[in-house]
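Notes for the structure review
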Amino acid sequence: MKEIVIISGKGGTGKTSVMTAISYLAGNKAVVADCDVDAADVHLLLKPKILKREDFYSGVFAKIHQEGCITCGLCRDTCRFDAINVKDNKYSVDVVSCEGCGYCARVCPVRAIKMIPQKAGEWFISKTRVDNILVHAKLGIGAENSGKLVAKVKNEAKRIAEDLKCEYVIVDGAPGVGCPVISSITGADYVIFVTEPTVSGVHDLERVHQVVQRFKIPSGCIINKCDINLEKAQEIKEFLDKEDIELLAELPYDEAFTKAMLLGKTIAEYPDDKNNPIKEKLEHVWEVLQKK
Amino acid sequence: MKIAIASGKGGTGKTTLSTNLSLLMAETMNIQLVDLDVEEPNSGLFLDLEFVNELIQYNMKPQWEASMCTLCGNCQKVCNFNAIMQLGSHIQVLPQLCKSCFACSELCPTNSLPMQKERIGKVQHYQTEKLTFIEGRMDIGQENASAMIAKTMKFANSLNSNEIAIYDAPPGASCPAIEATKDADLVILVTEPTPFGLNDLAIAVETMQKLKRDIAVVINRDGIGDDGVINYCNKQKIDIIAKIPNSKKVAQLYSNGIIVYDKVAEFKAELIKIKDYILAKKIGSEI
């Protein structure tokens, strides 16, 4: 079973558009996962029917029992996260700032602080309209995206792939270079960078590549909107060559990306006539991935 | 006054807007631009300013000193993050899991876990006559963007010499975006008029409203999609301050790291609307 994770560093390069198209081409050979739990979009194109929904609990937060509180202020003095407020001599916890360390609860002389399990979000197992299972999630408002929910989504996808004997897990990764992306690529067999030929695209690709390099995962790259700046595209190709990253495809800028999205289709399905060069290039990418 | 430029979806034009808006406003006012997208800070790619200084930023993490340790195991007991473990006669710290609450260190009966500095990134400071630029850049391998964002904001606030601060926030609606918009008097959410743009905007709006932030929307690349975002904003009674038209010329200038507002009239016209909206808010808050 091979895990393929699609990331970008920079937002807006077309990561999710590409991932959903490959998910369509893979059909029931793959279980697909949306690990961009902060701003998940895969479901908008794959139109999943939810089969199972679970709450996700992660960490705890402090809660001050007002009747027991003697307003000594020791909790506020101890807290390193500025998470305890006092107004009109009433002490309360700012749940968004609270990290759940429990230190305040330990120092409270009258044990008036309890640590409450925090619901950090929900995750779902669904059946998509393109004949595969999708594991996805919704992060709770203000919940920390520490990578735990990302890890949950991925591990469930892998478990289901094993149960169903699917050869592939295709993952829409998180943006950036921090914890959510690190969690997205942990355990991956292959990483695909989707980038664009702009100064920001190049800068962000180089940074996210450094993250992937630490994990020593083989990788490939799709240059999207490749014709908006041929010089930058060439700069990217030289970078790929130097870093031993496979150039999987160069996709020209195409309004079909947005038109397909408006129709609720992947870019492998629209336009649905013979003249779909994007689809051909992605079919080639899918063939290359299957040969690995 | 502090303005945060944020978004739900990545790639909608936050950095394009923050850099161009800052330069436009700096023609007549003292402006501070702060790049808080510490994972992928790229505002600096568009600016040509004089370097002032660089400050390395640190988090505090516990370091075990064996000499006085009695192996009582209290450290492991008080850590809620499994970041410290007693393994036989050895205490192992896992710094990536540590949140720097200081509990293990301060509750250690023998002072065997002093807190030490661990580098997490750097803040760079640039300057021209009217524009101050601060960039926060997290080290690769670090996991916690919020901590780096907080330190960058603290440094920016300490300078205190500008009339308006513009924060280029990270995308999304989770902790990094919440941290970056914490102090903002106004959060401008930049979106694109597409289904992905709308979906992610709604998530960001829900978060910002729950946290009681003052929000407004700018639609970038207007014309590429549909009216979903406009209808949503009208329904939610959120001001749409400007609609920047889609432009191949803007895309090409952007791809080369070139500032666009002085070269594309329609772009500048929309920026002026945003500037006027901000100034009206500023005057309103001072009355």
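Rules of the game
Within each chain, residues carry numbers counting from 1 in the order of the written sequence. Whichever chain is written first becomes A and whichever ligand is written first becomes 1, with later ones labelled in order. Reporting of local features is limited, given that this is a predicted model, to residues whose pLDDT is at least 70; pairs of side-chain atoms are given and counted only at 80 or more, and all residues count toward the totals for whole chains, interfaces and linings. To get the side-chain values, all heavy atoms of the structure are used, and hydrogens and water are removed first. By definition in these notes, contact holds between two residues if any of their heavy atoms fall within 4.5 Å. Buried area is calculated as the accessible area (1.4 Å probe) missing from two parts once they are joined, with the contributions of both summed. A carboxyl oxygen of Asp or Glu within 4 Å of a side-chain nitrogen of Lys or Arg is what we treat as a salt bridge. For the purposes of these results, a polar contact is taken to be a pair of N or O atoms within 3.5 Å, where, inside protein, one atom must be able to donate a hydrogen and its partner to accept one; residues adjacent in sequence count only when each atom of the pair is a side-chain atom. Numbered from the N terminus, helices here are DSSP runs of H or I no shorter than four residues, and strands are runs of E no shorter than two. Exposed residues in this analysis have more than 50% of their type's maximum accessible area, buried residues have under 20%, and partly exposed residues fall in between, with area computed by a 1.4 Å probe over protein chains only. Pairing between strands is defined by DSSP: at least two bridges between them are needed.

Okay, the interface of chain A and chain B next. Counting from both sides, the interface comprises 55 residues of chain A and, opposite them, 55 residues of chain B. Summing both sides of the interface, chain A and chain B together bury roughly 4,600 Å²; the carbon and sulfur share of this comes to 57%. Together, Tyr 103, Ile 141 and Arg 207 of chain A form the three largest contributors to the area buried by chain A at its contact with chain B, with a combined 15%. Across the chain A-chain B interface, the total number found is three salt bridges. Note that Glu 99 of chain A and Lys 99 of chain B form a salt bridge whose closest N and O atoms lie 3.5 Å from each other. Scanning the region where chain A abuts chain B turns up 27 residue pairs in polar contact (both at pLDDT 80 or more). Among the secondary structure elements, those contributing two or more residues to the side of chain A that touches chain B are α1 (15-26), α2 (42-46), α4 (103-107), β7 (133-139), α6 (179-185), α7 (199-215) and α9 (256-262) of chain A. Ranked by the residues each element gives to the side of chain A that touches chain B, the list is headed by α7 of chain A, at nine residues.

Here the focus is the side chain of Ser 112 of chain B. All names here are of chain B. Its place among the elements puts Ser 112 in the loop between α3 (103-106) and β6 (115-127). A distance of 3.3 Å separates a polar atom in the side chain of Ser 112 from the backbone nitrogen of Cys 69. Among residues more than four places away in sequence, those in contact with Ser 112 are Gln 63, Trp 64, Glu 65, Met 68 and Cys 69.

All right, on to the side chain of His 203 of chain A then. Of note, His 203 of chain A is situated in helix α7. Taking the relative accessible area as the measure of exposure, His 203 of chain A reaches 13% and is therefore buried. A polar contact is formed between the side chain of His 203 of chain A and the side chain of Asp 204 of chain A, at a distance of 2.7 Å. Not counting residues within four places of it along the chain, the set of residues in contact with His 203 of chain A comprises Glu 40, Pro 41, Asn 42, Leu 45 and Arg 137 of chain B.

For the rest of this paragraph, the subject is the pairing of strand β9 (residues 186-191) of chain B. Looking down a regular strand, the side chains alternate between one sheet face and the other. Residues and elements named next belong to chain B. Counted residue by residue, β9 has six buried out of six residues, so it is predominantly covered. Here β9 shows two buried faces, one formed by Leu 186, Ile 188 and Val 190 and the other by Val 187, Leu 189 and Thr 191. In the sheet, strand β1 (residues 2-6) pairs with β9 via four bridges, with the strands oriented parallel. Paired with Ile 5 across the two strands is Ile 188, which belongs to β9.

All names here are of chain B. Among the eight residues of strand β7 (residues 131-138), eight are classified as buried, and the element is accordingly described as predominantly covered. Residues Leu 131, Phe 133, Glu 135 and Arg 137 point to one face of β7 and Thr 132, Ile 134, Gly 136 and Met 138 to the other, with burial holding for every one of them. Of the pairings in the sheet, the one linking strand β2 (residues 31-35) to β7 comprises five bridges and is parallel in character. By the bridge assignment for β7, Leu 33 is matched with Phe 133. Sheet analysis places β6 next to β7, joined by seven bridges and oriented antiparallel. Residue Tyr 126 lies in a different strand from β7, and its bridge partner there is Phe 133. With antiparallel pairing between neighbouring strands as the criterion, β6 and β7 make up a hairpin whose turn holds three residues.

So, on to unusual backbone geometry. Across residues other than glycine, the phi torsion is negative in most instances, and most of the peptide bonds are trans. All names here are of chain A. The step from Tyr 270 to Pro 271 runs through a cis peptide bond, and the omega angle for that step is -10°. Along the chain, Pro 271 turns up in the loop between α9 and α10 (277-290). At Thr 71, a residue that is not glycine, the phi angle is positive and equals roughly 50°. With respect to the helices and strands, Thr 71 occurs in the loop between β3 (49-64) and α3 (74-78). Residue classification places Thr 71 among the partly exposed residues on the basis of a relative accessible area of 29%.

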